[in-house]
Amino acid sequence: MTTGTIFWAGQPVPFRVGETVASALMRAGIAAFGTAPTGQARAVFCGIGLCQGCLIRAEGRITEACLLPARDGLRLSPEIGGDDA
Amino acid sequence: MRDTVLVVGAGLAGLSAATELARAGLPVLVVDQAQAVGGAIHRQPLPGVRSIASGAQKRRWAGVMAGVAAQGGRITLALGTRFGGVDHTGAVLLTGAMNRLIRPRALALALGARESVQPRPGWTLPGVETAGSLQTRLKTLAEAPAGRVLLAGSGPLLLALGAELVKLGRPPLAILEAGRPFARPLAALRLPRSYWAEAATYLTRLRLARVPILTGTHLTAIRAEGGALVAEATGGRRLTADHIALHDGIRSNDIGLPDCATLPVVRLGDCREALGARAALADGRAGGAALAARLLGRPEPAPDAELARQRAAQALLAQLYAHDGAARLADLPGDTVICRCEARTVNDLRALGPSPRARQLRLDGRFAMGPCQGRFCGDWVARLAAADNPGPDTPTPGIGAPRWPARPIAVADLLAATDETEGETR
C-alpha cells in the first residue's frame, strides 16, 4: 500500500494512494477542519460532497475535503484564518 | 461530443445504463466525482486494500463491470470529474479531472441517493456524520475508525454498517433504532428472500459480537464532553462514544438537477426513485435501453417488472421501520441548528411567525439558502413550518428553489474549462 504525505496547517499527515484528504485527516484523528463563517466547526458530515460541511483551503481554493484526492506534498489549511501558501 | 450520451454517476444505475446505451451503438461518456467506480453501494477499496463486500455484492458488481468491459471503447469513463450543471442551450459543465464544457446528445443523471438525517442538538459536532459517510471509509480503507462508534437513527443501513464494523473487528457500542422493525415478523415474511438472507447475515454477525440493538429508541441529543461525544437517548440512556453515525433513511439525490428543453434528460436508479441497489441495477438497465430506443427512434422496450417488485419491498420495509421520530421535531430546544450551512435554528424559524410560506422561510429565514441548497434542512423546515397545521400525513415538500450550478463551482474552473461546444449549433 503506497503512501505519501499531505500537510494540514503545516503538520504532516500520511495518506494512502487513492484516499481523500478528509479520510486521511480523520485517520490521523483530525475531525474538526477549522471554523466556518457561521462559527460552527467544519467537519465531514455527508462524505459525498453534498452538504458542503467539510470545506477547507487547498492551494488557494476552497473545496470539499471529502472529494479532494490526497497527493504528495499537498498543503491544506482551514477555510478561515489558515495560510496554505 | 454531439453524438455522445453523458451519464453522470458510475454506480449501479449509471454503469448499467451506459452498457445498454453502448450496446445500442451510442458512444457514452460516464463521469463520476469519486476516484473509483462503484457509487455508494459498491464503493471500491483503495488500491491494495481488500474488499469488505459480501460474496453477493462482489458478484453483482463483477456482472456490471463485465457488461461495461464488453462494450469496449464505446464507453469512456472519467473519474474525479463532477457535473456542474446544464444551461438552457444544452451545454454541460464538467469540473475536476475532465474540466470541459460539452454539448452531449442526451443526459442520464444517476447520482444515487442522499441520506436523510433528522436534526438533533449536537448533530453538527465534529465526529458526528452520516452512516453512509462512515460506510464509505470502511469500504475504501477496510478499516474502522479508532475509538467507540455509536450508530443511531432508523433504517436497514444501520444494521449493514454495524455488521461491517463487526467484520472489521470493531463492533459498534450499540445501534439505536427508532423503529421497531422486528415487532411484526409475520409482515416481514412478505419481504423477498434476498432481503431475508441479507438481514440474517447482518443480525447473526451483530448478535455474535453482542452488539445491543435498541429498537424504539431515539437518539435525542449529542454533546461534546471531555474530548468525547455523549449521546442522550430515550429511556434515560446515555452513551459515550468517539464517533456517531446518524441515518434516517434515503431520498433521491435529485435536488437542483436540471430539466433542459433542448436536451433529453433522464434520471435513473436512486436518483429517480430511492429504492435501493437491486432496483438501481434494474432501473439503470431499463432506463438506458429506453433512452437508447428514444434517441434512435426505435420502439421502447417493456418496463422491467423487477422495479415494481422492489417498490413493493421497499414500501413494506418502510412500514416495518415506521416510527414517530418526526413528531420529536416540535420538541427540539430552540437553539437546535436546523440549517447546517448557515447555522439557522429552531428559534430563527419560530421568529418567522405561524405558518410561514416557503418564500418567507428562504428570504427572511435564510433556510435552504446555503451552498447545500436545502438538501439537508429542506424537508425538516417544511415539516416544522407545517406543524401548526398538521394533517394525518402532512406532505413535506422541499422548501428550496435550487438552481444551477448544482454545487458551488470555482470561477477558476469555469474559466479553465475547455470549450468543446464551439462551432456547434445552439
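One can find the structure itself at the top, above this paragraph.
Since we're looking at a predicted model, the values are computed, not measured.

S.K.: Where do I start with the overall build of chain A in this structure?
M.R.: Each helix and strand in chain A was counted, giving 1 helix and 5 strands. Helices and strands in chain A line up, N terminus first, as β-β-α-β-β-β. Considered along the principal axes of its C-alpha atoms, chain A spans approximately 40 × 25 × 20 Å. Expressed as a percentage of its 85 residues, the buried residues of chain A come to 52%. Counted over contacts in chain A with a minimum sequence separation of 6, partners at least 24 positions apart contribute 38%. Seen as two clouds, the 7 positive and the 7 negative side-chain charges of chain A have centres 3 Å apart.

S.K.: When you look at the overall build of chain B in this model, what are you seeing that I'm missing?
M.R.: Within chain B, the regular secondary structure consists of 12 helices and 21 strands. In summary, chain B has a C-alpha radius of gyration of 22 Å against a globular reference of 22 Å for 426 residues, a match within 12%. Counting only C-alpha atoms and orienting by the principal axes, one finds that chain B spans roughly 65 × 50 × 40 Å. Each of the 426 residues in chain B was classed as buried or not, and the buried ones make up 54%. A fraction of 69% describes how many contacts in chain B between residues 6 or more apart in sequence connect residues 24 or more apart. For chain B, the accessible area works out to roughly 18300 Å², and carbon and sulfur atoms hold 53% of it. Separation of charge centres in chain B, based on 51 positive and 36 negative side chains, amounts to 5 Å.

S.K.: Just checking my understanding: could you explain the packing of helix α7 (residues 277–296) of chain B against helix α8 (residues 305–320) of chain B for this structure?
M.R.: Packed helices, taken two at a time, are described by their axes: the angle between them and the distance between them. All names here are of chain B. Running from N to C, α7 and α8 point in directions that differ by 155°, and their axes come no closer than 9 Å. The pairing of α7 with α8 is recorded here as roughly antiparallel in orientation. Our pair here, α7 against α8, has a crossing hand that is left-handed. Residues R278, A279, A282 and D283 of α7 form the contact with α8, whose participating residues are E306, L307 and Q310. Its residues assigned to classes, the contact of α7 with α8 shows 3 nonpolar, 1 polar and 3 charged.

S.K.: How should the layout of surface pockets be read in this particular structure?
M.R.: In this approach the atoms are scanned with a rolling probe the size of a water molecule, which exposes any empty space left behind. What the second largest pocket holds in volume is close to 700 Å³. A:R61, A:T63, A:L68, B:G96 and B:D413 are, among the 30 residues lining the second largest pocket, the residues nearest its centre. When residues of the lining of the second largest pocket are traced back to their parent elements, those giving at least two are β3 (55–58) and β4 (61–64) of chain A together with β4 (81–86), β5 (92–96) and α12 (411–416) of chain B. Grouping the constituent residues of the lining of the second largest pocket by class yields 14 nonpolar, 9 polar and 7 charged.

S.K.: How do you make sense of the sheet that holds strand β6 (residues 100–102) of chain B when you look at a structure like this?
M.R.: Either a parallel or an antiparallel arrangement is found when strands of a sheet pair, and the pairing is made through backbone hydrogen bonds. All names here are of chain B. Strand order in the open sheet formed by 4 strands is β4-β5-β6-β21, and the pairing between neighbours is mixed. Since the sheet does not close on itself, it has two edges, and those belong to β4 and β21 (418–419), each with one partner. Pairing analysis gives 3 bridges linking β5 to β6, with the strands arranged antiparallel. Paired with L93 across the strands is L101, a residue of β6.

S.K.: I'm lost on the environment of B:H243 in this one. Help?
M.R.: Residue and element names in this part refer to chain B. One can find H243 in strand β16 (residues 243–247). Using a relative accessible area of 15% as the deciding quantity, one classes H243 as buried. Spatially, the C-alpha atoms of H243 and G39 are 24 Å apart, while their sequence positions differ by 204 residues. Not counting the four nearest positions on each side in its chain, H243 is found in contact with G127, P145, A146, R148, V149, L150 and L229. Here A146 takes part through its backbone oxygen, which lies 2.8 Å from a polar atom of the side chain of H243.

S.K.: Help me understand the side chain of B:E164 in this model?
M.R.: All names here are of chain B. Along the chain, E164 turns up in helix α4 (residues 156–167). There is no salt bridge for the buried E164, and the closest opposite charge comes from K139, which lies 5.0 Å off by N-O distance. The residues touching E164, leaving out its near neighbours within four places in the chain, are I52, Q135, L138 and K139.

S.K.: How should I be thinking about the environment of B:V128 in this particular structure?
M.R.: With respect to the secondary-structure elements, B:V128 resides in strand β9 (residues 128–130). When the C-alpha atoms of B:V128 and B:D242 are compared, they prove to be 8.8 Å apart, with 114 residues separating the residues in sequence. When residues no more than four places from it in sequence are discounted, the contact partners of B:V128 are A:V44, A:F45, B:G122, B:W123, B:I222, B:L229, B:I244 and B:L246.

S.K.: Which parts of the structure should I look at to understand the packing of helix α3 (residues 131–141) of chain B against α4(B)?
M.R.: Residue and element names in this part refer to chain B. Between α3 and α4, the least distance of the axes is 10 Å, while the angle of their chain directions is 30°. Along this stretch, α3 crosses α4, giving a crossing that reads as left-handed. Between α3 and α4, the residues in contact are A131, G132, L134, Q135, L138 and K139 and L157, L158, A160, L161, E164 and L165, respectively. Residue composition of the contact of α3 with α4, by class: 8 nonpolar, 2 polar and 2 charged.

S.K.: What's the story with the nonpolar core in this structure? I'm lost.
M.R.: As a rule of thumb, nonpolar side chains are buried together in soluble globular proteins. Residues and elements named next belong to chain B. Residues L150, L176, L219, I244, L246 and F367 are the most contacted members of the largest nonpolar core, which totals 42 residues. The greatest single-element share of this core, amounting to 5 residues, is contributed by helix α11 (residues 378–385). When residues are assigned to domains, this core turns out to be shared by domain 2 (128–248) and domain 3 (324–385), each giving three or more. When residues no more than four places from it in sequence are discounted, the contact partners of L176 are L150, L151, A152, G153, L158, L214, T217, L219, A233 and L239.

S.K.: Please clarify how the state of the cysteines should be interpreted in this entry.
M.R.: Enumeration over the complete set of coordinates arrives at 0 disulfides over all chains. With no disulfide of its own, B:C260 lies closest to B:C271 among cysteine sulfurs, the gap being 16 Å.

S.K.: Mind showing me how you'd approach the packing of aromatic side chains here?
M.R.: In this description, an aromatic ring pair is defined by two values, namely the gap between the centres and the angle between the planes. Considering all chains together, one arrives at 3 aromatic pairs over all chains under this definition. Taking the centre distance of 5.7 Å and the plane angle of 75° together, the rings of A:F45 and B:F376 count as edge-to-face. You can see A:F45 sitting in the loop between α1 (21–27) and β3 and its partner B:F376 sitting in the loop between α10 (358–363) and α11, one on each of two chains. Neither A:F45 nor B:F376 differs from the other in exposure class; each is buried. Taken together through their ring pairs, the aromatic side chains of A:F45, B:W123 and B:F376 make up a single cluster. The ring of B:W123 has B:R340 sitting right over it, with the charged end atom 4.7 Å from the ring centre.

Parameters at a glance
- Residues numbered from 1 in each chain as written.
- Chains lettered and ligands numbered in written order.
- Predicted model: local features only at pLDDT ≥ 70, side-chain atom pairs only at ≥ 80, totals over all residues.
- Heavy atoms only, no water.
- Helix = DSSP H or I, 4+ residues; strand = E, 2+ residues; numbered from the N terminus.
- Buried < 20%, exposed > 50% of the residue type's maximum accessible area, 1.4 Å probe, protein only.
- Contact = heavy atoms within 4.5 Å.
- Lys, Arg positive; Asp, Glu negative; His and termini not counted.
- Charge placed at Lys NZ, Arg CZ, Asp CG, Glu CD.
- Rg over C-alpha atoms; globule rule 2.2 N^0.38 Å.
- Areas by Shrake-Rupley, 256 points an atom, 1.4 Å probe, with all protein chains shown as cover.
- Axes fitted to C-alpha atoms, helices over the stretch in contact; angles between N-to-C directions.
- Parallel < 35°, antiparallel > 145°, perpendicular 65-115°, else oblique.
- Left-handed = near helix turned anticlockwise from the far one by under 90°.
- Nonpolar A, V, L, I, M, F, W, Y, C, P; charged D, E, K, R; others polar.
- 1 Å grid on protein atoms, 1.4 Å probe; cavity = no way out; pocket = protein on both sides within 12 Å on 5 of 7 lines; lining within 4 Å.
- Points joined across faces, edges and corners; volume = space filled by probe spheres on them.
- Pairing = 2+ DSSP bridges.
- Polar contact = N/O pair within 3.5 Å; in protein donor to acceptor, adjacent residues only side chain to side chain.
- Salt bridge = Lys/Arg side-chain N within 4 Å of Asp/Glu carboxyl O.
- Core = buried A, V, L, I, M, F, W, Y, C linked by side-chain atoms within 4.5 Å.
- Domains from an automatic or database assignment.
- Disulfide = S-S within 2.5 Å.
- Phe/Tyr/Trp six-rings, centres within 6.5 Å; stacked < 30°, edge-to-face > 60°.
- Lys NZ or Arg CZ within 6 Å of the ring centre and 35° of its normal.

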